[in-house]
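So you can see what is in the structure, the chains are spelled out below.
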Amino acid sequence: MSVLRPTTIDEAVAVLSAQPEAIPIAGGTDLMVHWPHRLELHEKTFVDLSRLTALRGLRWQDGDLVMGALTTYWDVLLDEQIGRRFPLLHRAARQVGAVQIQTRGTWAGNVGNGSPAADGVAVLMAYDAMVELTSVRGVDVVPLRDFYTGYKISHRTPDQLITAIRLPGIPYRTQIFEKVGARKAQAISKIGVAMVEAPGGWVVVANSMAPTIRRCRAVEAVLNSGHPISSPEALHDTILQDVHPIDDLRSTGEYRVRVMARLLYHDLREHIAAFS
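Residues numbered from 1 in each chain as written. Predicted model: local features only at pLDDT ≥ 70, side-chain atom pairs only at ≥ 80, totals over all residues. Heavy atoms only, no water.

Visitor: Now, about the overall build of the chain: what can you tell me, with residues and values included?
Guide: Scanning the chain from N- to C-terminus turns up 11 helices and 14 strands. The C-alpha atoms of the chain give 19 Å as radius of gyration, which agrees with the globular expectation for 276 residues (19 Å, within 12%). Reported as C-alpha extents along the three principal axes, the dimensions of the chain are approximately 60 × 45 × 35 Å. Every one of the 276 residues in the chain was classed for burial, and the buried ones make up 51%. Summed over its atoms, the accessible surface of the chain is roughly 13000 Å², and 52% of this surface lies on carbon and sulfur atoms. Both charge centroids of the chain, one from 29 positive and one from 29 negative side chains, sit 4 Å from each other. (Helix = DSSP H or I, 4+ residues; strand = E, 2+ residues; numbered from the N terminus. Rg over C-alpha atoms; globule rule 2.2 N^0.38 Å. Buried < 20%, exposed > 50% of the residue type's maximum accessible area, 1.4 Å probe, protein only. Areas by Shrake-Rupley, 256 points an atom, 1.4 Å probe, with all protein chains shown as cover. Lys, Arg positive; Asp, Glu negative; His and termini not counted. Charge placed at Lys NZ, Arg CZ, Asp CG, Glu CD.)

Visitor: Any details on the nonpolar core? Residues and values, ideally.
Guide: Grouped together as the largest cluster of nonpolar side chains are 53 residues, with contacts concentrated most on Leu 89, Val 111, Leu 124, Leu 144 and Leu 167. If near-sequence neighbours (up to four positions away) are discounted, Leu 144 is found in contact with Val 111, Val 121, Leu 124, Met 125, Ala 129, Met 130 and Val 131. In terms of nonpolar packing, the next biggest core, distinct from the first, is built from 25 residues, Val 204, Ala 206, Val 259 and Leu 268 among them. (Core = buried A, V, L, I, M, F, W, Y, C linked by side-chain atoms within 4.5 Å. Contact = heavy atoms within 4.5 Å.)

Visitor: Before we move on, could you go through the pattern of salt bridges and cite the residues and values that matter?
Guide: The final tally for this structure, using the stated rule, is 10 salt bridges. Arg 166 serves as the salt-bridge partner of Asp 64, at 3.2 Å between the closest nitrogen and oxygen. With Asp 64 in strand β5 (residues 64–68) and Arg 166 in strand β10 (residues 161–167), the pair connects residues that are 102 residues apart, well separated along the chain. In this structure Asp 64 comes out as buried when scored by relative accessible area, which is 18%. Overall, the relative accessible area of 28% leaves Arg 166 in the partly exposed class. (Salt bridge = Lys/Arg side-chain N within 4 Å of Asp/Glu carboxyl O.)

As C-alpha coordinates, then:
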(Lines give C-alpha, C1' and ligand atoms only; values in the text may rest on other atoms or scores of the structure.)
Protein backbone atom coordinates (compact mmCIF):
# COMPACT_ATOMS: atom_id res chain seq x y z
CA MET A 1 0.00 0.00 0.00
CA SER A 2 1.17 3.50 -0.84
CA VAL A 3 -0.24 6.60 0.90
CA LEU A 4 0.33 10.09 -0.48
CA ARG A 5 -0.37 13.09 1.78
CA PRO A 6 -0.77 16.38 -0.13
CA THR A 7 -1.20 19.59 1.85
CA THR A 8 -3.07 21.70 -0.74
CA ILE A 9 -5.86 21.14 -3.25
CA ASP A 10 -3.44 21.91 -6.09
CA GLU A 11 -1.07 19.19 -4.88
CA ALA A 12 -3.94 16.71 -4.50
CA VAL A 13 -5.36 17.20 -7.99
CA ALA A 14 -1.86 17.09 -9.46
CA VAL A 15 -1.41 13.67 -7.87
CA LEU A 16 -4.74 12.48 -9.27
CA SER A 17 -3.82 13.80 -12.70
CA ALA A 18 -0.50 11.94 -12.66
CA GLN A 19 -1.91 8.81 -10.99
CA PRO A 20 -5.61 8.51 -11.91
CA GLU A 21 -5.75 5.04 -10.37
CA ALA A 22 -5.08 6.55 -6.92
CA ILE A 23 -8.02 6.56 -4.48
CA PRO A 24 -8.84 9.70 -2.45
CA ILE A 25 -9.73 8.98 1.17
CA ALA A 26 -11.08 11.27 3.89
CA GLY A 27 -12.74 9.51 6.85
CA GLY A 28 -11.87 6.10 5.45
CA THR A 29 -14.93 4.49 7.05
CA ASP A 30 -15.98 2.54 3.96
CA LEU A 31 -12.39 1.53 3.20
CA MET A 32 -11.92 0.05 6.67
CA VAL A 33 -15.03 -2.11 6.32
CA HIS A 34 -13.65 -3.75 3.17
CA TRP A 35 -9.99 -3.84 4.20
CA PRO A 36 -9.86 -7.34 5.80
CA HIS A 37 -11.42 -9.23 2.88
CA ARG A 38 -10.56 -7.16 -0.22
CA LEU A 39 -6.89 -7.90 -0.38
CA GLU A 40 -6.47 -6.12 -3.73
CA LEU A 41 -6.92 -2.84 -1.84
CA HIS A 42 -3.63 -3.48 -0.05
CA GLU A 43 -1.79 -2.89 -3.32
CA LYS A 44 -3.53 0.41 -4.14
CA THR A 45 -2.27 3.99 -3.89
CA PHE A 46 -4.34 6.23 -1.62
CA VAL A 47 -4.43 10.02 -1.47
CA ASP A 48 -4.97 11.01 2.16
CA LEU A 49 -6.94 14.30 2.21
CA SER A 50 -6.72 14.89 5.97
CA ARG A 51 -4.06 17.62 5.66
CA LEU A 52 -6.10 19.73 3.21
CA THR A 53 -7.31 22.38 5.63
CA ALA A 54 -9.06 24.24 2.78
CA LEU A 55 -11.57 21.38 2.60
CA ARG A 56 -12.50 21.53 6.28
CA GLY A 57 -15.58 23.09 7.78
CA LEU A 58 -18.73 24.61 6.40
CA ARG A 59 -19.82 28.14 5.62
CA TRP A 60 -22.81 30.21 4.51
CA GLN A 61 -22.33 31.98 1.20
CA ASP A 62 -25.03 34.18 -0.34
CA GLY A 63 -27.59 32.31 1.73
CA ASP A 64 -26.42 28.88 0.55
CA LEU A 65 -24.79 26.24 2.72
CA VAL A 66 -21.36 25.19 1.44
CA MET A 67 -19.80 22.10 3.01
CA GLY A 68 -16.13 21.48 2.40
CA ALA A 69 -15.29 17.94 1.35
CA LEU A 70 -13.93 17.09 4.80
CA THR A 71 -17.11 18.15 6.60
CA THR A 72 -18.21 15.27 8.82
CA TYR A 73 -21.65 14.23 9.97
CA TRP A 74 -20.67 15.42 13.44
CA ASP A 75 -19.78 18.88 12.13
CA VAL A 76 -23.33 19.18 10.82
CA LEU A 77 -24.88 17.85 14.03
CA LEU A 78 -23.06 20.53 16.03
CA ASP A 79 -24.38 23.37 13.85
CA GLU A 80 -27.67 24.72 15.20
CA GLN A 81 -28.36 26.88 12.15
CA ILE A 82 -28.22 23.83 9.90
CA GLY A 83 -30.64 22.10 12.26
CA ARG A 84 -33.11 24.95 11.80
CA ARG A 85 -32.75 25.43 8.04
CA PHE A 86 -31.89 21.91 6.85
CA PRO A 87 -33.23 19.62 9.58
CA LEU A 88 -33.07 16.52 7.38
CA LEU A 89 -29.26 16.77 7.43
CA HIS A 90 -29.42 16.38 11.21
CA ARG A 91 -31.89 13.49 11.02
CA ALA A 92 -29.81 11.59 8.48
CA ALA A 93 -26.52 12.26 10.26
CA ARG A 94 -27.87 10.85 13.53
CA GLN A 95 -28.61 7.56 11.77
CA VAL A 96 -25.25 7.10 10.03
CA GLY A 97 -23.59 4.45 12.15
CA ALA A 98 -22.39 5.12 15.69
CA VAL A 99 -20.73 8.27 17.02
CA GLN A 100 -17.35 6.97 15.89
CA ILE A 101 -18.56 6.87 12.28
CA GLN A 102 -20.33 10.22 12.58
CA THR A 103 -17.14 11.93 13.73
CA ARG A 104 -15.00 10.47 10.92
CA GLY A 105 -17.34 9.92 8.00
CA THR A 106 -17.76 12.79 5.54
CA TRP A 107 -20.70 13.88 3.40
CA ALA A 108 -18.45 14.11 0.35
CA GLY A 109 -17.15 10.60 1.00
CA ASN A 110 -20.76 9.38 1.13
CA VAL A 111 -21.38 11.02 -2.24
CA GLY A 112 -18.17 9.70 -3.77
CA ASN A 113 -18.69 6.15 -2.55
CA GLY A 114 -22.04 6.04 -4.33
CA SER A 115 -23.81 3.41 -2.23
CA PRO A 116 -27.51 3.17 -3.17
CA ALA A 117 -28.26 2.81 0.56
CA ALA A 118 -26.58 6.09 1.58
CA ASP A 119 -28.89 8.05 3.87
CA GLY A 120 -26.87 11.25 3.61
CA VAL A 121 -26.94 11.28 -0.18
CA ALA A 122 -30.73 10.92 -0.30
CA VAL A 123 -31.16 13.98 1.92
CA LEU A 124 -28.62 16.02 -0.04
CA MET A 125 -30.39 15.17 -3.29
CA ALA A 126 -33.76 16.20 -1.84
CA TYR A 127 -32.20 19.58 -1.03
CA ASP A 128 -31.02 19.87 -4.66
CA ALA A 129 -27.34 19.79 -3.71
CA MET A 130 -24.59 20.63 -6.18
CA VAL A 131 -21.27 18.77 -6.22
CA GLU A 132 -18.06 20.70 -6.87
CA LEU A 133 -15.40 18.70 -8.73
CA THR A 134 -11.87 20.07 -9.01
CA SER A 135 -9.01 18.91 -11.24
CA VAL A 136 -5.99 20.42 -12.95
CA ARG A 137 -8.44 21.22 -15.78
CA GLY A 138 -10.55 23.49 -13.58
CA VAL A 139 -13.75 23.28 -11.52
CA ASP A 140 -16.99 21.59 -12.60
CA VAL A 141 -20.27 21.82 -10.71
CA VAL A 142 -22.72 18.95 -11.19
CA PRO A 143 -26.24 18.66 -9.74
CA LEU A 144 -26.31 15.68 -7.40
CA ARG A 145 -29.56 14.53 -9.03
CA ASP A 146 -27.54 13.94 -12.24
CA PHE A 147 -24.33 12.75 -10.60
CA TYR A 148 -24.81 8.97 -10.78
CA THR A 149 -24.92 7.01 -14.01
CA GLY A 150 -25.01 3.49 -12.54
CA TYR A 151 -24.20 1.39 -9.50
CA LYS A 152 -21.27 3.20 -7.86
CA ILE A 153 -20.59 4.96 -11.18
CA SER A 154 -20.71 8.73 -11.41
CA HIS A 155 -19.69 11.70 -13.53
CA ARG A 156 -16.54 12.16 -11.44
CA THR A 157 -13.53 11.29 -13.54
CA PRO A 158 -10.45 9.70 -11.92
CA ASP A 159 -8.52 12.97 -11.98
CA GLN A 160 -11.28 14.92 -10.22
CA LEU A 161 -11.61 15.53 -6.50
CA ILE A 162 -14.88 16.38 -4.76
CA THR A 163 -14.02 19.64 -3.02
CA ALA A 164 -17.40 20.95 -1.82
CA ILE A 165 -21.15 20.37 -1.68
CA ARG A 166 -23.51 23.35 -1.98
CA LEU A 167 -27.14 23.43 -0.84
CA PRO A 168 -29.34 26.31 -2.05
CA GLY A 169 -30.75 28.32 0.84
CA ILE A 170 -34.38 28.29 -0.24
CA PRO A 171 -37.38 27.95 2.12
CA TYR A 172 -39.20 24.65 2.52
CA ARG A 173 -42.75 24.22 3.76
CA THR A 174 -42.37 20.52 4.57
CA GLN A 175 -39.28 18.39 5.21
CA ILE A 176 -39.54 14.64 5.91
CA PHE A 177 -36.95 11.87 6.23
CA GLU A 178 -37.84 8.23 6.85
CA LYS A 179 -35.52 5.27 7.24
CA VAL A 180 -36.56 1.65 7.63
CA GLY A 181 -33.89 -0.74 8.85
CA ALA A 182 -33.50 -3.97 10.78
CA ARG A 183 -32.82 -1.97 13.95
CA LYS A 184 -33.54 1.53 15.24
CA ALA A 185 -29.86 2.48 15.03
CA GLN A 186 -26.65 1.45 13.26
CA ALA A 187 -28.53 -0.26 10.44
CA ILE A 188 -28.23 -0.12 6.67
CA SER A 189 -31.44 1.14 5.07
CA LYS A 190 -33.95 -1.33 3.72
CA ILE A 191 -35.91 1.66 2.43
CA GLY A 192 -35.20 5.37 2.80
CA VAL A 193 -37.21 8.35 1.64
CA ALA A 194 -36.36 12.06 1.80
CA MET A 195 -39.14 14.50 0.84
CA VAL A 196 -39.33 18.28 0.76
CA GLU A 197 -41.95 20.70 -0.41
CA ALA A 198 -39.90 23.31 -2.26
CA PRO A 199 -41.12 26.50 -3.97
CA GLY A 200 -41.28 24.60 -7.27
CA GLY A 201 -43.20 21.65 -5.85
CA TRP A 202 -42.50 18.36 -4.14
CA VAL A 203 -39.13 16.60 -4.36
CA VAL A 204 -39.02 12.90 -3.46
CA VAL A 205 -35.80 10.89 -3.25
CA ALA A 206 -35.49 7.19 -2.43
CA ASN A 207 -32.51 5.14 -1.33
CA SER A 208 -32.07 1.36 -1.23
CA MET A 209 -34.71 1.21 -3.97
CA ALA A 210 -32.55 1.14 -7.13
CA PRO A 211 -28.89 0.74 -8.21
CA THR A 212 -28.43 4.43 -7.32
CA ILE A 213 -30.07 6.99 -5.07
CA ARG A 214 -33.10 7.89 -7.15
CA ARG A 215 -35.10 11.08 -7.67
CA CYS A 216 -38.71 9.91 -8.00
CA ARG A 217 -40.12 12.05 -10.80
CA ALA A 218 -43.31 10.05 -11.34
CA VAL A 219 -44.19 10.18 -7.65
CA GLU A 220 -43.46 13.91 -7.62
CA ALA A 221 -45.79 14.43 -10.58
CA VAL A 222 -48.62 12.70 -8.71
CA LEU A 223 -48.05 14.75 -5.58
CA ASN A 224 -47.90 17.98 -7.55
CA SER A 225 -50.96 17.18 -9.67
CA GLY A 226 -53.60 17.49 -6.97
CA HIS A 227 -55.26 14.25 -8.11
CA PRO A 228 -56.81 12.27 -5.23
CA ILE A 229 -54.85 9.33 -3.83
CA SER A 230 -57.10 6.99 -1.94
CA SER A 231 -54.66 4.49 -0.47
CA PRO A 232 -51.00 3.38 -0.35
CA GLU A 233 -51.80 0.75 -2.98
CA ALA A 234 -52.69 3.53 -5.41
CA LEU A 235 -49.02 4.59 -5.37
CA HIS A 236 -47.59 1.12 -6.08
CA ASP A 237 -47.36 1.31 -9.89
CA THR A 238 -46.21 4.94 -9.77
CA ILE A 239 -43.29 4.02 -7.54
CA LEU A 240 -42.27 1.28 -9.97
CA GLN A 241 -41.92 3.92 -12.69
CA ASP A 242 -39.13 5.50 -10.65
CA VAL A 243 -37.30 2.62 -8.97
CA HIS A 244 -36.27 -0.97 -9.63
CA PRO A 245 -35.86 -2.62 -6.22
CA ILE A 246 -34.15 -5.98 -5.98
CA ASP A 247 -34.41 -8.98 -3.69
CA ASP A 248 -31.36 -9.15 -1.44
CA LEU A 249 -30.30 -10.15 2.08
CA ARG A 250 -32.11 -7.22 3.68
CA SER A 251 -35.50 -7.28 1.93
CA THR A 252 -37.44 -8.32 -1.13
CA GLY A 253 -38.17 -5.84 -3.88
CA GLU A 254 -41.92 -6.18 -3.32
CA TYR A 255 -41.51 -5.43 0.39
CA ARG A 256 -39.58 -2.29 -0.46
CA VAL A 257 -42.26 -0.99 -2.81
CA ARG A 258 -45.10 -1.70 -0.39
CA VAL A 259 -43.32 -0.04 2.53
CA MET A 260 -42.31 2.99 0.48
CA ALA A 261 -45.95 3.43 -0.62
CA ARG A 262 -47.10 3.37 2.99
CA LEU A 263 -44.41 5.81 4.09
CA LEU A 264 -45.43 8.25 1.36
CA TYR A 265 -49.13 7.93 2.03
CA HIS A 266 -49.08 8.21 5.80
CA ASP A 267 -46.38 10.90 5.98
CA LEU A 268 -47.86 13.14 3.33
CA ARG A 269 -51.61 12.88 3.73
CA GLU A 270 -51.55 15.57 6.44
CA HIS A 271 -49.56 17.94 4.22
CA ILE A 272 -51.30 17.93 0.86
CA ALA A 273 -54.91 18.04 -0.28
CA ALA A 274 -54.25 15.38 -2.93
CA PHE A 275 -55.02 12.64 -0.42
CA SER A 276 -58.62 11.73 0.21
